[in-house]
Number of protein chains: 2
Amino acid sequence: MFEQLGLIGCGLMGGSFALAMKKAGLVQRVVGYSKSPSTTERARQLGVIDVEAPSALLAAAGADIVLLAVPVAATEATLKAIKHLVTPQMLVMDVGSTKADVVKAARSALQGQLGSFVPAHPITGREVSGVEHADAGLYHGRQVILTPTERTLTAQLRRAEDLWTQLGARVSSMSPESHDAAFAAVSHLPHMLAFAMLSSINAQPNANELLALAGPGFRDFTRIAASDPKMWRDILRANRDEVLAQSRLFKQALQGLEDAMQADSDQPLEDLITLASHTRAHWRMGAQRGHKDA
Amino acid sequence: MFEQLGLIGCGLMGGSFALAMKKAGLVQRVVGYSKSPSTTERARQLGVIDVEAPSALLAAAGADIVLLAVPVAATEATLKAIKHLVTPQMLVMDVGSTKADVVKAARSALQGQLGSFVPAHPITGREVSGVEHADAGLYHGRQVILTPTERTLTAQLRRAEDLWTQLGARVSSMSPESHDAAFAAVSHLPHMLAFAMLSSINAQPNANELLALAGPGFRDFTRIAASDPKMWRDILRANRDEVLAQSRLFKQALQGLEDAMQADSDQPLEDLITLASHTRAHWRMGAQRGHKDA
């Protein structure tokens, strides 16, 4: 399907994409670049990429597909660096967790070449990062959200849909703004709450004793708190307004539980927990919208 | 080690204890009682118990060890029901997630027989309940916290320690009050936050769409929100003051993150997330106190 993948950013997300493309037989050759030369070298040693490129520009040269898997804050500079190689025949994608800022950066950097860019957000990840954890199965069975602009070329959008589908992902499209509002609720705020949970324990004088007593509930609840700090700094700042709006709604819900804990009767608290528990028990990851039990 | 286990409450925790005791060869016979006769019958059909008892009293009759695995709010009534069978030779334990209220209930119900009672909290659980999920391995590799009173007989405390150790658990002791303060931080508040997360999403008009987009981070963060509502209503109300105190500390930490998100510089947010992420990444469940990296 593709001759040459130019991979810019050979970390967990980018490296896993390269491995998945190779495994699916969708690409002949992968030319990779990472900001750190040792990462690029390691990616080649691990067979994640075939050729090391000394710059983003040289990674994109000769490619018919380019994947940006860099921190979202680096999107604009990276696209600017490769801009004069981007043609209408080339598919360019990113894998960032925020989309309004990425689209804004792409408009500014690509200008007349914006049509080749298909913003993408695969709903996956790990609490670990780095090319050593790259995994050909990272995207299999996951959702991928595409947020095309009004200038995106239909041909490139279709290629992107086909590609992710062939990697075993389920593809849907929405606007960058709707995407960011939704992921503030279901991803960015949960990360922020998990960071706050660890901060709150760290601030207590017996933090080590508390942590030694924590069990499997704490383990799963806080898993995402181990995520990459720079990546999450960028996500939370890029999507700040939506995250703060979700935080306000969350604090109202928390206040509702606190009030119910102090009510005369057991019933209000039981009712709130029952609704939350029922919703979570019937939720299935990646179920079709409106068919939560599917 | 024991002749007969009287199991009062044949759900996930009680059923798993019976299976673990049998598997370890620590008990000859299990006589079980559950409030619902169909649960007791199912427990016998599944081989979790050997004999069905029609009451808590008859489950305890002839037992040299009694385990209460009932909602913590039912502790006092259950201990009262078996009180005149409790002897200094009998080991009586519970498995409740709160301990100050259980000790208070035991003082009131057992009075002169309080010495036989060793309050226990195994740090384990599932988001599912019921005897069908009983698992002989549920306690293996977990911590068990014992919170003896000043009246607890040393002989029974030692038997409890030996028993849990033989089931593969790591045993430690603390006061009921210290226990409840610590578990408000590392277990009860996380559950409350997970319930609040689901409540907050449910309250939004596009809740189904949001849930359909949620991925693996949300899945793990909210797993504990599917926990049993009546059990958690009781825990949160029994340990209300400590949980509210932890909620206050948590909201301060959350405010700190919100302030950092809105700061002029990226650095304050990166610093807060880095500390949280580092703490979580180096945490190991059940590591010795003060040796988090062990």
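Everything numeric here is computed off the predicted structure, so don't read it as measured data. (Residues numbered from 1 in each chain as written. Chains lettered and ligands numbered in written order. Predicted model: local features only at pLDDT ≥ 70, side-chain atom pairs only at ≥ 80, totals over all residues. Heavy atoms only, no water.)

Here we come to the overall build of chain A. Across its full length, chain A carries twelve helices and nine strands. By residue count, 55% of the 294 residues in chain A fall in the buried class. Put simply, of all contacts in chain A between residues at least 6 apart along the chain, 76% involve residues at least 24 apart. For chain A, the accessible area works out to roughly 11,400 Å², and carbon and sulfur atoms hold 50% of it. Taken as two groups, the 29 positive and 29 negative side-chain charges of chain A have centres that lie 7 Å from each other. (Helix = DSSP H or I, 4+ residues; strand = E, 2+ residues; numbered from the N terminus. Buried < 20%, exposed > 50% of the residue type's maximum accessible area, 1.4 Å probe, protein only. Contact = heavy atoms within 4.5 Å. Areas by Shrake-Rupley, 256 points an atom, 1.4 Å probe, with all protein chains shown as cover. Lys, Arg positive; Asp, Glu negative; His and termini not counted. Charge placed at Lys NZ, Arg CZ, Asp CG, Glu CD.)

Right, let's talk about the domain arrangement of chain A for a bit. Residues and elements named next belong to chain A. Its domain assignment divides chain A into domain 1 (2–174) and domain 2 (178–262). Distance from the C-alpha centre of domain 1 to the C-alpha centre of domain 2: 29 Å. Listed per partner, the contact involves 15 residues of domain 1 and 14 residues of domain 2. Interface area, domain 1 with domain 2, both sides summed: about 1,100 Å², of which 67% is carbon and sulfur. When the area that domain 1 buries against domain 2 is broken down by residue, the three leading residues are Ser97, Glu127 and Met174, summing to 43%. Counting across the domain 1 and domain 2 interface gives four residue pairs in polar contact (both at pLDDT 80 or more). Split into classes, the residues belonging to the side of domain 1 that touches domain 2 amount to seven nonpolar, five polar and three charged. (Domains from an automatic or database assignment. Buried area = accessible area lost by both parts, 1.4 Å probe. Polar contact = N/O pair within 3.5 Å; in protein donor to acceptor, adjacent residues only side chain to side chain. Nonpolar A, V, L, I, M, F, W, Y, C, P; charged D, E, K, R; others polar.)

The next subject is the interface of chain B and chain A. By a widely used convention, the size of an interface equals the accessible area lost when the partners come together. With 89 residues of chain B at the interface, the matching set in chain A holds 89 residues. For the pair chain B and chain A, the two sides together bury roughly 8,400 Å², of which 67% comes from carbon and sulfur. Taken together, the links from chain B to chain A amount to twelve salt bridges. Taking the shortest distance from any N to any O, the salt bridge between A:Arg233 and B:Glu270 comes out at 2.5 Å. Seen at the junction of chain B and chain A, the total is 44 residue pairs in polar contact (both at pLDDT 80 or more). Secondary-structure elements contributing two or more residues to the side of chain B that touches chain A are β8 (143–146), α7 (176–202), α8 (207–213), α9 (216–221), α10 (229–238), α11 (240–261) and α12 (267–282) of chain B. (Salt bridge = Lys/Arg side-chain N within 4 Å of Asp/Glu carboxyl O.)

Residue and element names in this part refer to chain A. Tallied over the full model, the rule gives nine aromatic pairs over all chains. Consider the rings of Tyr139 and Trp164, whose centres lie 5.2 Å apart with planes at 75 degrees: the pair is edge-to-face. Note that Tyr139 is positioned in the loop between β7 (120–122) and β8 (143–146) and Trp164 in helix α6 (residues 154–166), a separation of 25 residues in sequence. A relative accessible area of 1% means that Tyr139 is categorised as buried. Of the residues examined, Trp164 reaches a relative accessible area of 0% and is grouped as buried. One aromatic cluster in this structure is built from Phe17, Tyr139 and Trp164. (Phe/Tyr/Trp six-rings, centres within 6.5 Å; stacked < 30°, edge-to-face > 60°.)

Our focus in this paragraph is the relation of the copies chain B and chain A. Here chain B sits on chain A after a turn of 180 degrees about the axis and a move of 0.0 Å along it, with an RMSD of 0.0 Å. Viewed as a symmetry operation, the transformation between the two copies matches a two-fold axis. Among all residues of chain B, the minimum C-alpha distance to the rotation axis is found for B:Phe221, at 2.0 Å. (Least-squares fit on C-alpha atoms with pLDDT ≥ 70 in both.)

In this section: the side chain of A:Thr98. Residues and elements named next belong to chain A. Examined against the element boundaries, Thr98 turns out to sit in the loop between β5 (91–94) and α5 (100–110). A polar contact of 2.9 Å, which involves the side chain of Thr98, links it to the side chain of Asp101. Setting aside its immediate chain neighbours within four residues, Thr98 contacts Val72, His179, Asp180, His188, Ile235, Ala238 and Asn239.

With that settled, the discussion passes to the side chain of A:Thr75. Within the fold, A:Thr75 resides in helix α4 (residues 75–82). Contacts of A:Thr75, omitting those with residues within four sequence positions, involve A:Leu68, A:Val70, A:Val102 and A:Ala105.

Here the focus is the pattern of salt bridges. Working definition: two side chains of opposite charge can pair if their charged atoms are close together. Throughout the structure, instances matching the rule amount to 32 salt bridges over all chains. With a closest N to O distance of 3.0 Å, A:Arg158 and A:Glu161 form a salt bridge. Within this pair, A:Arg158 and its partner A:Glu161 are both found in helix α6, separated by three residues, close to a single helical turn. Its relative accessible area of 42% is what places A:Arg158 among the partly exposed residues. For the salt bridge of B:Glu150 with B:Arg107, the shortest nitrogen-to-oxygen distance reads 3.0 Å. Of this pair, B:Glu150 sits in the loop between β8 and α6 (154–166) while B:Arg107 sits in helix α5 (residues 100–110), and the two are 43 residues apart along the sequence.

What follows concerns the sheet that holds strand β3 (residues 51–52) of chain A. Residue and element names in this part refer to chain A. Reading across from one edge, β3-β2-β1-β4-β5-β6 is the order of the six strands in this open sheet, with parallel pairing throughout. Single-partner strands in this sheet number two, and they are β3 and β6 (117–118). Pairing analysis gives two bridges linking strand β2 (residues 27–33) to β3, with the strands arranged parallel. Along β3, the bridge assignment pairs Gly32 with Glu52. (Pairing = 2+ DSSP bridges.)

Residue and element names in this part refer to chain A. In the contact formed by helix α11 (residues 240–261) and helix α12 (residues 267–282), the axes pass within 7 Å of each other and the chain directions differ by 145 degrees. When you trace α11 past α12, the crossing you get is left-handed. Every residue of α12 that contacts α11 at Gly256, Leu257, Ala260 and Met261 is listed here: Pro268, Leu269, Leu272 and Ile273. Residues of the contact of α11 with α12, tallied by class, amount to seven nonpolar, one polar and no charged. (Axes fitted to C-alpha atoms, helices over the stretch in contact; angles between N-to-C directions. Left-handed = near helix turned anticlockwise from the far one by under 90°.)

Taking 1.5 Å per residue, 22 residues should reach 32 Å; α11(A) reaches 31 Å between its end C-alpha atoms and fits that length. The complete set of buried residues in α11(A) reads A:Val243, A:Leu244, A:Gln246, A:Ser247, A:Phe250, A:Ala253, A:Leu254, A:Leu257, A:Glu258, A:Ala260 and A:Met261. Where the residues of α11(A) are buried, they touch α7 (176–202), α10 (229–238) and α12 of chain A together with α7, α10 and α11 of chain B. (Expected span 1.5 Å × (residues − 1).)

Further remarks concern the sheet that holds β7(A). All names here are of chain A. Strands sit in the order β7-β8-β9 across an open sheet of three strands; the sheet is mixed. Looking at which strands have only one partner, the edges of the open sheet turn out to be β7 and β9 (170–173). Here the strands of the sheet are splayed against their neighbours by 20 degrees on average, with no regard to which way each runs. With three bridges connecting them, β7 and β8 associate as antiparallel partners. Across the sheet, residue Ala120 finds its bridge partner in β8, namely Leu146.

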